[in-house]
Amino acid sequence: MALTETDVAFVAKLARLHITPEQQPALKHELNQVMGLIEQLQSIDTKGVEPLAHPLSVLHDIELRLREDSSLPTNTIAQRNHLMQNAPADADGLFLVPRVIE
Amino acid sequence: MNWEVVIGLEAHVQLATHSKIFSSSSTQYGAAPNTQANEVDMALPGSLPVLNRQAVEHAIRFGLAIGATVSPRSIFARKNYFYPDLPKNYQISQYEIPVVLGGTLQCFVDGEPFTFNLTRAHLEEDAGKSIHENFATPDGRPCSGIDLNRSGTPLLEIVSEPEMRSAAQAVAYARALHALVVWLGICDGNMQEGSFRIDANVSVRPKGQTAFGTRTETKNVNSFRFLERAISYEIRRQIELIEDGGKVVQETRLYDADRDETRSMRSKEDAHDYRYFPDPDLPPLIITSAWMAQVQAGMPELPEEMRRRFVETLGLSSEDVAQLCHDRQTAQYFEAVASALPAGQAKLAANWVMGEVAAALNRDEKEIDACPLSAAALAKLLLRISDGTISNKIARDVFTEMWSNNTLDADAIIEAKGLKQISDSAAIGAMVDEVIASQPAIVQEYRAGKQKAFNSLVGQVMKLAKGKANPAQVNDLLKQRLDS
Amino acid sequence: MALFLDQYADILALRHALDNKQISVKELTQALLGDIKQNVNLNAFVDVQPELSLAQAEVAEQSLARGQAGALTGIPLGHKDIFVTEGWRTTAGSRMLANYHSPFDATVVHALLKAQTVSLGKLSCDEFAMGSGNEHAATGPVRNPWDHEVVPGGSSGGSAAAVAAGLILGATGTDTGGSVRQPAALSGICGIKPTYGVASRFGMIAYASSLDQAGVMARSAADLALLLDAISGFDPRDATSIETCRGVANAPGRILSDYARFNDTKNTQPLAGLRIGVPTEYFGDGLNNNVAQAVEQALVVLESLGAKRVSISLPNTALSIPAYYVIAPAEASSNLARYDAVRYGHRTENYTDLADMSARSRTEGFGEEVRKRIMIGTYVLSHGYYDAYYLQAQRVRRLIAQDFQRAFADQCDVIMGPVTPTVAPAIGSLSTDPTAEWLGDIYTLSVNLAGLPGLSIPCGFAPGHRSQPLPVGLQMIGNYFDEGRLLAVAHQFQLVTDWHQRRPGAPT
C-alpha cells in the first residue's frame, strides 16, 4: 500500500510531528521504501498462527502479575519538586502548558 | 413525525482502592497538586505500569453482581492520543477483550421495573486534571496548569446497550448503577469529587425505523439532574435540527449547566485514530475460577435479593422496599430494627426508618451510619408502640428526646415523663362519657350524619387524656357510647 | 598511548590487584578519569562527573577496608545513556533529553551500584537506541578504537568503544535488535543479551517494549558472567520481569551457578556432547567471505574441544527484518509519545498553541531516524492496517520463535553463526536507502523477536573498507534461560584462543 502525501500528513498529525510541505516528498519516498520492505510480510501464510506478544509465551502462558493495594505516602513539596525538576514550565506545583480551550 | 429516542450510557466509575491502578501513589482526594504522582504517573522516562489487584477484584465483584461473564483472560491495550492530562499520551485501557462482558441491571422508572442490558465493563486509568485559572507565560500568553494527582486512578468503564428510550429511563438506570457500585463497596459514589461520571450517547430516529440515527456523546456529566437536562436538551436539539432539514453531526459535546445546553467540544473535533494495540508492558490478565468463587463468597447480599426477601418474608410493598433498599446501610439498619420486633411489625419499622429517621438524618445532614439511635434502641421504642404502651404520636416525642441524647433509653423516658398510654377501658370510658356530656352540640351534629363531628369528639377525649389515651380504644368506646 | 587498564586483562585481574591493595579504588578511578579525558576524540562518553565517580569509589574503598568486598567491588564501569541515573544526565542520545536529570536510578544501575562498582559516566548511544552505528547520536558519531574512521556499531556504540579502548572494564548496554551483540562484534569485545525478562526494564528508556533487554559488555566471557549475573533478577516494578527460570528463581546466583556447572569439566574435550546448530540461512549470499572464514575457524576450534556441528534450518530468518521493522517502530511510536514538552524534555521557543508546541518540540528534539520510525510505527498501527501489518508481524514472530524451538527440541543445544554480514563500515557511509542499514541486522533480529539469550565474542579479523583488519564476532544463541551455558561455552573457547585479549593499536 503506497503512501500518498495525504497519508503522510495524516500520520504526521497523529504522531504530533511537524512536517513542512518541502519535506513531504522526500519523507514520502523514504516511507514508501520502508513499506516496500515490509510488504514481504503480506505474502506469508499465517493461517492458524496466533500473534506472539510476550516472547516467552511460546514456552508457557505468561500471566500478568498483580500488585497488593498499598499506597505510598503523599509526597512532600520537596519530593514533588524533585520529581518535577525537569518541567519546562511550572507554577504552584502544576505543569504549565498553553491554554487548551474546550 | 413521531420520533424515537435511543440512549446508551457509559459510566466512568472510580474504584475505591488505596493506590492507583498502575502505580502505588495514593488515590485520596484533595492533596496538593502533583504530590500524589510518582515517576509512573508522570510518565518519566523508564517508568513502567504494574496492575493493582484490588482494582481487578472490584471489577470481578461488579461483573458477578450484574450476572455478567467475567473474562478468565483479558488484555490491556493502549489507546493512543495526545492530550496534556494524559502523561504517556496513551491511556492504558482494555479494547477487544475486556474484563466483564454482558450483564443486566434492574431499576425502577416511575415505579415500574425495567431491566437494562449492559454491553461490557473494562478497567482503565483516569487522566489528570487541567486547571484553567489565571496562569500565564512571562509574555502574557494564557496557560493551563496540569495536576496529575488524579492520573492513574483506577476506573471501571461500564457501557450499557443503547436500550433507554427516554431521559427518565436513562436517569433511572444511572441512579441504579450508582446505587449498586456504592452498595458493592467498589466506589464511594461521590459525584462532586468525580467518582462517578456519565457520558450519554443520544440519537433519534423516526418511530419504526430499525437503523440508528447519528449519535452524539455528551461527556462527563456528574449529577443526575444535569444528566436529565443534558439528555433532554440533546433530544430537542437533534429533533429540531433534523426537522429543519439539517443533519446531526457525530461529535463529542459537553453540558454547560449555567446555560442549560450542550455544546460541541472544540478540542475533540478531529476524528481520532486511537491505534489500539495490546500493551507490551502488561501480559494478559488471568482470573481463575477459584478467584471468582472467592469474590462470590465475599459478596454482600445484592439489592435485588434483599428487596425480594423483604417483600416475600416481611410482607412489605415493592415501593417501601425500593426506598428501604436504596442503599445497603439503610437496608441493613432497617432489617436490624425489624428483626428485633415481633413478627408482623415490619411495616412499623419500615414507616419509621423511611419517615422519622430519614427526616431527622436529613435535617441534621447525617448519613445512616451516623444515626444517633442504634437499631436496637429504635426497636425498643417501636416495641412500646406495638405493645400499646404509647401511641405513635407520643413515640415521636420520645424519639426526638432520644435523638438529641442517645444515652437515654425509651422506657426511661416514658417512665420519667409519665407517657404511658391509658388503656384502661374504664378510665377511657369515663373520659368519653365526660366529653359526650360536655359537648351536646357536636354530638348532635354527629347524630345528624356529620362524620367530622366524630373526629372532633375524639380530639376532645385525647385532649382530656393529655394525648395518652389509646386511640383505638377511644374510637371504639366513643362509637359504642354514641351509637347505643 | 598506555592506558591504565592495559595492565589488567580482565575483572578478575583487577580484583586481585584491589584485594591485595596493589592499587586503591580512588587511584584507579582517578587514573581512568584521566584516560577518558585523554580520549575524548572517541566521543564515547556523554556525561562524566568526577565527584560522583569518586564518591562511589569511596564506598568501594571502605568495603574493601572492612574486608567485605564482593566480586565487583571497585570495578570501573559505564552505563549506556538509555538507563536513567540520578546524578548523571540521561539523554538517550537525543536533543529531546539534552538536559534531563532523572529523579531515580534504573534497576540495572541500582543493582551494579549495590554490587559496589564504580560508574565512570554515561555512554553514548544511537538516539533512543535506534541505529546500528552510533551515528544517530545527538552528540555525534562515536569512533571505533580499532579505526577511528569506522563505526563501533550501535546502538550501544559508546559502551563498546569505551570497553574496547580500555577506558573501563565493563559497560551496560541494551539490545532490542542486536544493539549489544553487534557493537561488541564490530568493536572486538564480548557482549551478551539475556533471555527477555531476566533483567529489569524499569528505568531503561523504552524503545520497543517487547524486544528491549538490558545487556552487558566486557573483555571476556568470564567477566560477562559476573556482570550479567549481577544485573539479572526479578523486579516487581516491571510487569514483564520473569520470576522463575525453569523453576529456578531469577536472581543473582542463578547464572553464575549454571556457568560454574557447565565449566566443570575435567576433560580435554570440555565441550564433548555439545551440539552446535549452524543455520544454513546465516551463511547465504549477504555474508562477507572473510567474515564467514573467521566464523568457520571458530567453529573448528569448538569442534576440537569436542563439540559436534549440526546443520540446521531457521527458514523464517529473512522475515525477521520486515517483522522487526513493523513491531519495533509500532511500539516505539507509542513509547515516544510521552515526549511532548509538557513535563520534561525540549520545549520549542515559538509556537501558536499546545498542539503546535508539542509538534515543533518533538520535531526539533527527535533526529531523522527516530522521526522516521515514529512515522512508520504510527502508520502500521493506524486504522485499517493494524491487522495486515502489526498482527501479521506478530504472527510471523511466532513462526520465527517456533523455528528456534524446533531446532533446540532435538537437533542442537546452542546455535552459532556470524553477528554481522560485514566488519565495521566507515562512518558516514550509509546509503540513501534507509533500509540498507537495516539489512545488516539479519543475524541478530530473530533472537530478540524470540526473546532468546545471545552473545557475541571476538573470533578473528577481516579486512575493512581500506583493507585494514577489523574485528569479527562469533554469535552464540541459546534456548531460554541458558545464559550460563552460553557463557561457559564462550569461556572454554577463550581458554584456548586469544582473540578476546587483542587490543586496538597492538598488532593483529
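Structure: above.
Draft legend 1. Region of the structure containing the overall build of chain B. Secondary structure assignment for chain B yields 15 helices and 18 strands. Here chain B has a C-alpha radius of gyration of 30 Å; the compact-globule value for 484 residues is 23 Å, and the former is much larger. Summarising its shape, the C-alpha atoms of chain B cover approximately 95 × 55 × 55 Å along the three principal directions. Counting the 484 residues in chain B, one finds 54% classified as buried. Counting only contacts in chain B whose residues sit at least 6 apart along the sequence, the fraction spanning at least 24 positions is 70%. For chain B, the accessible surface area stands at approximately 21,400 Å², while carbon and sulfur atoms represent 49% of it. Averaging the locations of the 50 positively and 62 negatively charged side chains of chain B gives two centres separated by 3 Å.

Draft legend 2. Quick look at the sheet that holds strand S17 (residues 277-278) of chain B. One open sheet accounts for 3 strands, arranged S6-S5-S17 (chain B); its pairing is antiparallel. Only two strands of the sheet have a single partner each, and these edge strands are strand S6 (90-93) and S17 of chain B.

Draft legend 3. Seen up close, the environment of Phe135(B). Within the secondary structure, Phe135(B) sits in strand S10 (residues 129-136). As a C-alpha pair, Phe135(B) and Gly145(B) span 10 residues in sequence and 7.2 Å in three-dimensional space.

Draft legend 4. Looking closely at the packing of helix H8 (residues 254-263) of chain C against helix H16 (residues 483-495) of chain C. Residue and element names in this part refer to chain C. Put simply, H8 and H16 touch, their axes get as near as 7 Å, and they point 45 degrees apart. The orientation of H8 relative to H16 falls into the category oblique. Considering how the two elements wind past one another, H8 and H16 form a crossing that is right-handed. Residues Arg 254, Ile 255, Asp 258, Tyr 259, Phe 262 and Asn 263 of H8 lie in contact with H16, whose contacting residues are Glu 483, Gly 484, Arg 485, Leu 487, Ala 488, His 491 and Gln 492. For the contact of H8 with H16, the per-class residue count stands at 5 nonpolar, 4 polar and 4 charged.

Draft legend 5. Focus on the interface of chain C and chain A. Chain C puts 74 residues into the contact, and the matching count from chain A is 50 residues. Summed over both sides, the interface of chain C with chain A buries roughly 5,400 Å², with 70% coming from carbon and sulfur. For chain C, the biggest contributors to the area lost against chain A are Met375(C), Tyr379(C) and Arg398(C); these three give 14% of the whole. The interface formed by chain C and chain A contains 2 salt bridges. Here Glu30(A) and Lys372(C) are joined by a salt bridge, their closest N and O atoms 3.8 Å apart. Viewed at the interface, chain A and chain C are joined by 17 residue pairs in polar contact (both at pLDDT 80 or more). When contributions to the side of chain C that touches chain A are tallied by element, the ones reaching two or more residues are helix H10 (320-335), helix H11 (354-365), helix H12 (368-381), helix H13 (386-410), helix H14 (434-439) and helix H15 (445-450) of chain C. A breakdown of the residues in the side of chain C that touches chain A according to their chemical character gives 41 nonpolar, 17 polar and 16 charged.

Draft legend 6. Representation of the pattern of salt bridges. Taken as a whole and judged by the stated rule, the model has 55 salt bridges over all chains. A salt bridge links Lys420(B) to Glu415(B); its shortest N-O distance comes to 3.8 Å. Overlapping salt bridges, with partners in common, bring together Glu30(A), Glu369(C), Lys372(C) and Arg373(C) in one network.

Draft legend 7. Main features of the interface of chain A and chain B. Opposite the 35 residues of chain A that make contact, chain B presents 57 residues. Counting the surface lost from both chain A and chain B, the interface buries some 4,000 Å², and carbon and sulfur atoms represent 60% of this. Viewed at the interface, chain B and chain A are joined by 1 salt bridge. Put simply, chain A and chain B have 23 residue pairs in polar contact (both at pLDDT 80 or more) between them. The set of elements that each furnish at least two residues to the side of chain A that touches chain B consists of helix H1 (5-14), strand S1 (66-67), helix H3 (77-83) and strand S3 (94-98) of chain A. Here S1(A) pairs with strand S2 (residues 51-52) of chain B via 2 bridges, running parallel.

Draft legend 8. Looking closely at the packing of aromatic side chains. Evaluated as defined, the whole model comprises 29 aromatic pairs over all chains. Centre to centre, the rings of Tyr100(C) and Tyr344(C) are 5.7 Å apart; their planes meet at 65 degrees, and the pair counts as edge-to-face. One end of the pair, Tyr100(C), is in the loop between strand S2 (76-80) and helix H4 (107-114); the other, Tyr344(C), is in the loop between H10 and H11, with 244 residues separating them in the sequence. Take Tyr100(C) and Tyr344(C): they sit in the same class, and that class is buried. Each member of the aromatic cluster is reached from another via a ring pair, and the members are Tyr100(C), Phe128(C), Tyr339(C), Tyr344(C) and Phe366(C). Cation over ring: Lys79(B) sits above Tyr274(B), and NZ or CZ is 4.5 Å from the ring centre.

Cut-offs and rules
- Residues numbered from 1 in each chain as written.
- Chains lettered and ligands numbered in written order.
- Predicted model: local features only at pLDDT ≥ 70, side-chain atom pairs only at ≥ 80, totals over all residues.
- Heavy atoms only, no water.
- Helix = DSSP H or I, 4+ residues; strand = E, 2+ residues; numbered from the N terminus.
- Rg over C-alpha atoms; globule rule 2.2 N^0.38 Å.
- Buried < 20%, exposed > 50% of the residue type's maximum accessible area, 1.4 Å probe, protein only.
- Contact = heavy atoms within 4.5 Å.
- Areas by Shrake-Rupley, 256 points an atom, 1.4 Å probe, with all protein chains shown as cover.
- Lys, Arg positive; Asp, Glu negative; His and termini not counted.
- Charge placed at Lys NZ, Arg CZ, Asp CG, Glu CD.
- Pairing = 2+ DSSP bridges.
- Axes fitted to C-alpha atoms, helices over the stretch in contact; angles between N-to-C directions.
- Parallel < 35°, antiparallel > 145°, perpendicular 65-115°, else oblique.
- Left-handed = near helix turned anticlockwise from the far one by under 90°.
- Nonpolar A, V, L, I, M, F, W, Y, C, P; charged D, E, K, R; others polar.
- Buried area = accessible area lost by both parts, 1.4 Å probe.
- Salt bridge = Lys/Arg side-chain N within 4 Å of Asp/Glu carboxyl O.
- Polar contact = N/O pair within 3.5 Å; in protein donor to acceptor, adjacent residues only side chain to side chain.
- Phe/Tyr/Trp six-rings, centres within 6.5 Å; stacked < 30°, edge-to-face > 60°.
- Lys NZ or Arg CZ within 6 Å of the ring centre and 35° of its normal.

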